[in-house]
Every structure is written in structure tokens, then in C-alpha cells.
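Fold and contact review
So the chains spell out like this:
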Amino acid sequence: MLIAVLIFGLAGPVLVVAIYRFVPPPMTWLMVERMFEGHGFDRRWVPLSRISPQLVRSVIGAEDSRFCEHHGFDWNAIQKAMDHNADGKKLRGGSTISQQTAKNIFLWPHRDWVRKGLETWFTVLIEGIWGKPRIMEVYLNSIEWGPGVYGAEAAAQANFHISAAQLNPAQAARLAAIIPKPLAWKASRPGPYIQKRQGHITAAAGTIRRDGLADCVLK
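Structural notes, computed from the coordinates. (Residues numbered from 1 in each chain as written. Predicted model: local features only at pLDDT ≥ 70, side-chain atom pairs only at ≥ 80, totals over all residues. Heavy atoms only, no water.)

**Comments concerning the nonpolar core**
Within the largest apolar cluster, 52 residues are counted, with the highest numbers of intra-cluster contacts made by Leu 55, Phe 106, Met 136, Leu 140 and Trp 145. Looking at this core, the elements with two or more residues in it are helix H1 (2-20), helix H3 (53-63), helix H5 (97-106), helix H6 (113-129), helix H7 (132-142), helix H8 (152-160), helix H9 (169-177) and helix H10 (192-210). (Core = buried A, V, L, I, M, F, W, Y, C linked by side-chain atoms within 4.5 Å. Buried < 20%, exposed > 50% of the residue type's maximum accessible area, 1.4 Å probe, protein only. Helix = DSSP H or I, 4+ residues; strand = E, 2+ residues; numbered from the N terminus.)

**A look at the side chain of Asp 64**
Inspection of the secondary structure puts Asp 64 in the loop between H3 and helix H4 (75-86). Lys 132 provides the closest opposite charge to the buried, unpaired Asp 64, separated from it by 6.1 Å. There is a polar contact of 2.8 Å between the side chain of Asp 64 and the side chain of His 70. With near-sequence residues (within four places) excluded, Asp 64 lies in contact with Val 59, His 70, Asp 74, Thr 96 and Ile 97. (Lys, Arg positive; Asp, Glu negative; His and termini not counted. Salt bridge = Lys/Arg side-chain N within 4 Å of Asp/Glu carboxyl O. Polar contact = N/O pair within 3.5 Å; in protein donor to acceptor, adjacent residues only side chain to side chain. Contact = heavy atoms within 4.5 Å.)

**Regarding the state of the cysteines**
With the rule as written, the count across this model stands at 1 disulfide. Each sulfur of the disulfide joining Cys 68 and Cys 216 lies 1.9 Å from the other. In this structure the cystine formed by Cys 68 and Cys 216 twists about its S-S bond by roughly -75 degrees; its chirality is therefore left-handed. Note that Cys 68 is positioned in the loop between H3 and H4 and Cys 216 in the segment after H10, a separation of 148 residues in sequence. Residue Cys 68 is classed as partly exposed on the basis of its relative accessible area, which comes to 25%. (Disulfide = S-S within 2.5 Å.)

**Things to note about the packing of aromatic side chains**
Under the definition given, this model contains 7 aromatic pairs. Plain terms: the ring middles of Phe 41 and Tyr 150 are 5.8 Å apart, the flat faces sit at 35 degrees to each other, and that makes the pair tilted. You can see Phe 41 sitting in the loop between helix H2 (29-36) and strand S1 (42-43) and its partner Tyr 150 sitting in strand S3 (residues 149-150), a full 109 residues away along the chain. Residue class for Phe 41 comes out partly exposed when judged on its relative accessible area of 37%. Taken together, Tyr 20, Phe 106, Phe 122 and Trp 130 form an aromatic cluster joined through their ring pairs. Residue placement shows Arg 21 over the ring face of Phe 22; its charged tip is 5.3 Å from the ring centre. (Phe/Tyr/Trp six-rings, centres within 6.5 Å; stacked < 30°, edge-to-face > 60°. Lys NZ or Arg CZ within 6 Å of the ring centre and 35° of its normal.)

Remember that the coordinates give geometry; whether it matters functionally is a separate question.
Laid out in C-alpha cells, this is it:
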């Protein structure tokens, strides 16, 4: 029994992660759940080379500015989130893009301690087996960007009627701005709050470019 548990719990995830290093991951738990909620499904996988560098810099600036510097976990961000939440303020997450990718691809969307433990294990695996460019490629092709809209290509088409490769800095910043609440916020029709976030993300993306903080992805 112990051997079976070890094979299933250790070798199984390693094999799946190794396969997804080369093969686009299929539908995720969240995608299936959203389909049952009636949101439909639009996902158009494209290689990272066909996604605008502006979007890469924007999501790094918005979600994980130390993406190229950490090995899956940003301990400074985690500590800041814990301190913020301990003060009784609105809960803030400290997840990196690597952690978000591990959760989105391999796990269910609802929070619990079991999922958090598995998320940690899968984060270690994708950092070691995939590397940063593949993590970013899978992330940008899989995250939710609207009702039934997944990935950069579908998001660019749905919001701006262009390909992901054609996104300009403003459009990329808008898409990055709505990542936290893709069912409530619209990149194509940004309200005052999203416009403000867009401005901050545009500035952050400029810093990312100037300081080479996306060089692990953008060769």
C-alpha cells in the first residue's frame, strides 16, 4: 500500500508535469466548472513567440514582479500578505505566477489546505521541469479572462479583435488589470478603477523592461 501511495503521489505528478512540458495541458477543473455554469468555452493555444512581449511584461508587473528572480515562491510577498491579513484587512494573496499556474492546471479552484499543499508540490515540479518560459506560456494560455474566455489569444480576440501578438502596451495592461476578477471586470470597457490599474501596470511594465526583469522569458 505504501509503495502504491508513493508511486501515485510522487511519480504520477512528475510524469504528468513532464508530459505537459511539451504537450498543451487539456481543460482545467475551472474550465469544466464554468462550462457547467453556462459560460461556454473559448481557448486558442498559441506558442509564447506569438504572444506580445507587452503582455508578458504587463502580467509580470501586475502579478509577480520577481518572477525571474524566485524559484516558485516569493517569500517577501508571502510575508507581506500574512502581515496584511493579520491586521484584519481585506485578504491579500501572495501567490506567484508559478503557484497560480500550478493551481490552475492541476488542481481544483476552491481553497483548502489539501489544495495548498498540492499546489506547493506542483510548483516545485514545474519550476524544475518546465522552467520559466514554459511556465509563462502555459499561464498565458490558460488563465481565465472573461466568461468562457481562456488564454491570451482568445482574450485578445474577444476584447480587441486582434491576435495576442498584436497587443499594444495599453491593451496588454488592460488585460493584466482584469486578471483578479475576470468575470466582473472588462478589458474592452474599462471603468475608472480598471483605468487606474492600467496606468499603474503600464508604469510597472516599463520598469520590468528597463530593469530586464522579464529576461528569463523574453530572450
